[in-house]
Amino acid sequence: MIKLGYITPISKIDHDFYKTHWLKVVANSIAEDPRPNRLDEWESERIWRIFRVSSHYFKAVDRYESLFEKSLKDLDGFKRGDFDDSRVDAILEIYRLQISAIANDTTQFCKESINRLNIETLNFKSVELSDSIILSYLRTDFVNKIAAYEEDRELRNNQHEITLFGVSRTNLNRLEGKLGKFLRYATIDEAIEHARRVAEIKGGYRFKKRVKDLDALIDEMLIVKEQNIVNPVKAKQTTDELVDEAVNGYEILSNPVYLLDENSFRNAVRNKIKRKLHR
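In this text the structure is predicted, and so the values were computed from the model without any measurement.

Our next topic: the confidence of the model for the chain. In the predicted model, the chain carries a mean pLDDT of 82, and the fraction of residues at 70 or more is 77%. In this model residues 141-157 is a low-confidence stretch, pLDDT under 50, and it forms 24 contacts with partners more than four residues away in sequence or in other chains.

Set out below in C-alpha cells:
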C-alpha cells in the first residue's frame, strides 16, 4: 500500500534540513534512467544527468568549490608543456573510466534507495526558486510519474510543490558521498581548462585556493569563523608575512588583473590587511 506523506515546507533557514530534501530530489532524478534516441548514447546521457544534478546540488549547499579544488590539486606543478593534447587526452580517459564506474554505481544505488511505497510532497513556496533543477521539476510532468492522489476529492495542483518518492536519511548520506566522489573526477575538464590558462600566463600551474574577492580572502585567512574574531596567531604576524601568504596561497576570481599583475594584487591585499588589523 502506498503511504502518502505530509506536505513539507522547504526553507534555507535550516541548512541541514534544506540539504536533506534537496538530496531527495536528486535521488529521484537519478533513479529515472534517461531515454536517449540510441542505445550507444545511454551511458553519456546517464553521466550527463548525474553531473548536472550533482553540480547543482553542491552549488546549492556551497560545497562545489571545495570539490573542484580537488581536481585542481591534481594538476599542481604542471608546466605549460604538460598540457599538450596527447597528455590531456590520456588524463581525461583515465578519469572517464572512473566517472563511468561511479555513475553506474550511483544510478543503481538510487534505484534501490527510493521507497516507492512512500510518497512525499515538498513545498518550495518560501524558497527563492532560482535553481534550474528545482524549477525543472516544478514546470514539468515529473509529479505525474507518481500516481496522483485525491485530497478532498480535488487533485493537488500547486506550482510550488514537488511530489516524489521517499528516501531514508542513511541512504541520503551515502548518496551525498557518492555524488561528491563523482563530481571530484567529473570536474577535471574544467580544472584542466583553468590550469592550462594559468600555465600559459605564468609558465606553470601552482594550486591556490580560489576565493570570490578580497573580502572573502581576508575572512578566510584572518578570521576565526566560529567566534568571528581575528585569528590571534595571524594578528602577531607582520603585514609582509600575511601579504606573502595571501599572494602565494589564494586566487581571486572576481579580478583577473591580479593574475596578470602580482604587484597590483600585493598592494590591494596589503591595504585590506592593514584596514582589517588597524595597522
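From this point, the discussion proceeds with the structure in view.
With that out of the way, let us pick up helix α8 (residues 214-222). Taken as a whole, α8 has its buried residues at Leu-214, Leu-217, Ile-218, Met-221 and Leu-222. Seen end-on, α8 carries its buried residues on one side only, within an arc spanning 95°. Of the residues that open α8, the one with a side-chain oxygen 3.3 Å from the backbone nitrogen of Asp-215 is Asp-213.

By the definition in use, this model includes six aromatic pairs. Taking the centre distance of 5.3 Å and the plane angle of 50° together, the rings of Phe-78 and Phe-83 count as tilted. Accessibility expressed as a relative area gives 11% for Phe-78, which makes it buried. For the ring pair Tyr-95 and Tyr-185, a centre distance of 5.6 Å and an interplane angle of 65° mean the geometry is edge-to-face. Here Tyr-95 is found in helix α4 (residues 85-113), whereas its partner Tyr-185 is found in helix α6 (residues 169-186), with 90 residues between them in sequence. By relative accessible area, which is 22% here, Tyr-185 ends up partly exposed. Here the basic side chain of Lys-178 rests over the ring of Phe-109, its NZ or CZ set 5.2 Å away from the ring centre. A cation sits over an aromatic face here: Arg-184 above Tyr-185, 4.8 Å from the ring centre.

This part is about the pattern of salt bridges. Enumeration according to the criterion identifies 16 salt bridges in this entry. Of the charged contacts, one joins Lys-272 and Asp-215 as a salt bridge, the two residues approaching to 2.5 Å between their closest N and O atoms. Linking Lys-272 in helix α12 (residues 262-277) with Asp-215 in helix α8, this pair joins segments that are 57 residues apart in sequence. Look at Asp-215 and you get partly exposed, because its relative accessible area is 42%. Through salt bridges with shared partners, one network takes in Asp-244, Glu-262 and Arg-266.

On to the packing of α4 against helix α7 (residues 188-202), then. For the pair α4 and α7, the least separation of the axes is 10 Å and the interaxial angle reads 155°. On the basis of their axis angle, the class for α4 and α7 is roughly antiparallel. α7 is crossed by α4, and the crossing has right-handed handedness. Contact residues: Asp-85, Val-88, Ile-91, Leu-92, Tyr-95 and Arg-96 in α4; Ile-188, Asp-189, Ile-192 and Arg-196 in α7. Classifying every residue of the contact of α4 with α7 by side-chain character gives six nonpolar, no polar and four charged.

This next bit is on unusual backbone geometry. Even without glycine at this site, Asp-62 takes up a positive phi of about 60°. We classify Asp-62 as exposed; its relative accessible area is 69%. Backbone geometry places Asn-228, a non-glycine residue, at a positive phi of 55°. In this structure, Asn-228 sits in the loop between β7 (223-224) and β8 (229-230). The class for Asn-228 is exposed, based on a relative accessible area of 64%.

To continue, consider the side chain of Arg-184. As for its position among the elements, Arg-184 is in helix α6. A distance of 2.9 Å separates the side chain of Arg-184 from the side chain of Asp-74, its partner in a polar contact. Each residue touching Arg-184, except ones within four places of it in the same chain, is listed here: Leu-67, Lys-70, Ser-71, Asp-74 and Tyr-95.

What counts as what
Residues numbered from 1 in each chain as written. Predicted model: local features only at pLDDT ≥ 70, side-chain atom pairs only at ≥ 80, totals over all residues. Heavy atoms only, no water. pLDDT = per-residue confidence, 0-100. Contact = heavy atoms within 4.5 Å. Buried < 20%, exposed > 50% of the residue type's maximum accessible area, 1.4 Å probe, protein only. Helix = DSSP H or I, 4+ residues; strand = E, 2+ residues; numbered from the N terminus. Arc of directions from axis to C-beta. Polar contact = N/O pair within 3.5 Å; in protein donor to acceptor, adjacent residues only side chain to side chain. Phe/Tyr/Trp six-rings, centres within 6.5 Å; stacked < 30°, edge-to-face > 60°. Lys NZ or Arg CZ within 6 Å of the ring centre and 35° of its normal. Salt bridge = Lys/Arg side-chain N within 4 Å of Asp/Glu carboxyl O. Axes fitted to C-alpha atoms, helices over the stretch in contact; angles between N-to-C directions. Parallel < 35°, antiparallel > 145°, perpendicular 65-115°, else oblique. Left-handed = near helix turned anticlockwise from the far one by under 90°. Nonpolar A, V, L, I, M, F, W, Y, C, P; charged D, E, K, R; others polar.

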